[in-house]
Amino acid sequence: MHNIRKDGHCEYFKMQDSLFKHTRLGTHILGPCNGLFLMRSYDANCFPIFWLWNPYNKESKEIVIPKVRDTDVYGLCYKCDTDDYVIVVATFYSSLIGYKVQVYTLRSNSWRTLPNILPYNISSVYGVEAIFVHGAIHWIASQIVSPFPSRKTCIVSYDIRGENFNEVALTPRVDELLNGLNCNEQNSLSVFGGCLCILRPYGGYNIEVWVKKSYNVRESWTILFIAQLPVVTNPIHRVKILWEFKNGEVLLVASKGSPPWNCCFVLYDWVSQKCKVTEIDHIIAFR
């Protein structure tokens, strides 16, 4: 867990003993990074409130995001060369143009808008969570520059150091997962062992995990495992990795049913290749 340090000139975080006391309509985690969480809740007037929260020392800082929209997508990342945290907000501009991107830096406590438009449509099935790995934020998105029938689903990244957008190189098999006849719109991104990975639920009770072992090598995409779940009440839809244990077990969370008001936790054992499933109702795993 990363402790947020305080210097003699600026106290980044202030203590809040009742962080969740006055929130309404639930509290959503928009992005974890290096021990910090970007959170969103709502005040008494149902206006969104954003803050950075460090659960280790219970410190938090409210973040004022200008011109909040329901279609905004968020990402939290850590910039190691400046020892600073960065919030990225992508705001939908046009289906023919893409998203405009705003960047907030914690040290300066200021926002700025990037000059370039992100020329993609970012996937928003049941909400979207940006994945920070290898110095970049990643989303599943679709191309805008191509004619509509040929627009492809891809993985787009924003490099926080170079401040540029790129597509992650895919092998034909991974491209088929995103664009083939049997592609699943519930595919999601996660991080496993410090590597970017794709989670593909299929058949209602199976989870296929692909990992990019070497970030800059296209051919390094490898299937990591296929978890076969015991039959649960409803088929699973969207999945993400929550934790990796030292004994090799992996904890995942999956939404089930439609809409995804219920979820289940899946503990996958590498050795036995078996899963334990715990169902929880009335909990939204993805927003």
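Parameters and conventions
- Residues numbered from 1 in each chain as written.
- Predicted model: local features only at pLDDT ≥ 70, side-chain atom pairs only at ≥ 80, totals over all residues.
- Heavy atoms only, no water.
- Patch = residues over 30% accessible without salt bridge, like charges linked within 9 Å, V, L, I, M, F, W, Y side chains within 5 Å.
- Areas by Shrake-Rupley, 256 points an atom, 1.4 Å probe, with all protein chains shown as cover.
- Salt bridge = Lys/Arg side-chain N within 4 Å of Asp/Glu carboxyl O.
- Helix = DSSP H or I, 4+ residues; strand = E, 2+ residues; numbered from the N terminus.
- Pairing = 2+ DSSP bridges.
- Axes fitted to C-alpha atoms, helices over the stretch in contact; angles between N-to-C directions.
- Buried < 20%, exposed > 50% of the residue type's maximum accessible area, 1.4 Å probe, protein only.
- pLDDT = per-residue confidence, 0-100.

**Observations regarding a nonpolar patch on the surface**
Okay, step 1: On the surface, a nonpolar cluster with roughly 400 Å² of combined accessible area is contributed by Y93, L96, I97 and I117.
Okay, step 2: Residue placement: Y93 occurs in strand β7 (residues 84–94).

**Focus: the pairing of strand β9 (residues 110–113)**
Okay, step 1: Here strand β8 (residues 98–105) runs beside β9; their pairing, made up of 4 bridges, is antiparallel. Its bridge partner lying in β9, Q102 is registered against T113.

**Observations regarding the sheet that holds β7**
Okay, step 1: Pairing within the open sheet is antiparallel, and its 4 strands lie in the order β6-β7-β8-β9. Each of the sheet's edge strands pairs with one partner strand only, and the pair in question is β6 (73–79) and β9. Each adjacent strand pair in this sheet contributes to an overall mean axis angle of 25°, direction not counted.
Okay, step 2: Note that β7 and β8 share 8 bridges and pair antiparallel. Bridging across to β8, S94 finds its partner in G98.

**Brief notes about unusual backbone geometry**
Okay, step 1: One non-glycine residue with positive phi stands out, namely D83, at about 50°.
Okay, step 2: Examined against the element boundaries, D83 turns out to sit in the loop between β6 and β7.
Okay, step 3: Residue classification places D83 among the partly exposed residues on the basis of a relative accessible area of 27%.
Okay, step 4: The phi dihedral of H134 falls on the positive side, at around 55°, and the residue is not glycine.
Okay, step 5: Note on placement: H134 falls in the loop between β11 (131–133) and β12 (136–143).
Okay, step 6: Of the residues examined, H134 reaches a relative accessible area of 51% and is grouped as exposed.

**Thoughts on the confidence of the model for the protein chain**
Okay, step 1: Counting all residues, the mean pLDDT for the protein chain is 80, and 79% of those residues have values of 70 or more.
Okay, step 2: Averaged pLDDT values over the elements of the protein chain bottom out at 42 in strand β1 (residues 14–15) and peak at 94 in strand β17 (residues 206–212).

**Some words on the pairing of strand β5 (residues 59–63)**
Okay, step 1: The buried count for β5 comes to 4 of 5 residues, which makes it a mostly enclosed element.
Okay, step 2: Bridge analysis of strand β4 (residues 48–54) against β5 gives 5 bridges, and the strand direction is antiparallel. Paired with W53 across the strands is S60, a residue of β5.
Okay, step 3: Counted between consecutive antiparallel strands, the loop separating β4 from β5 contains 4 residues, among which K58 sits at a positive phi close to 60°.

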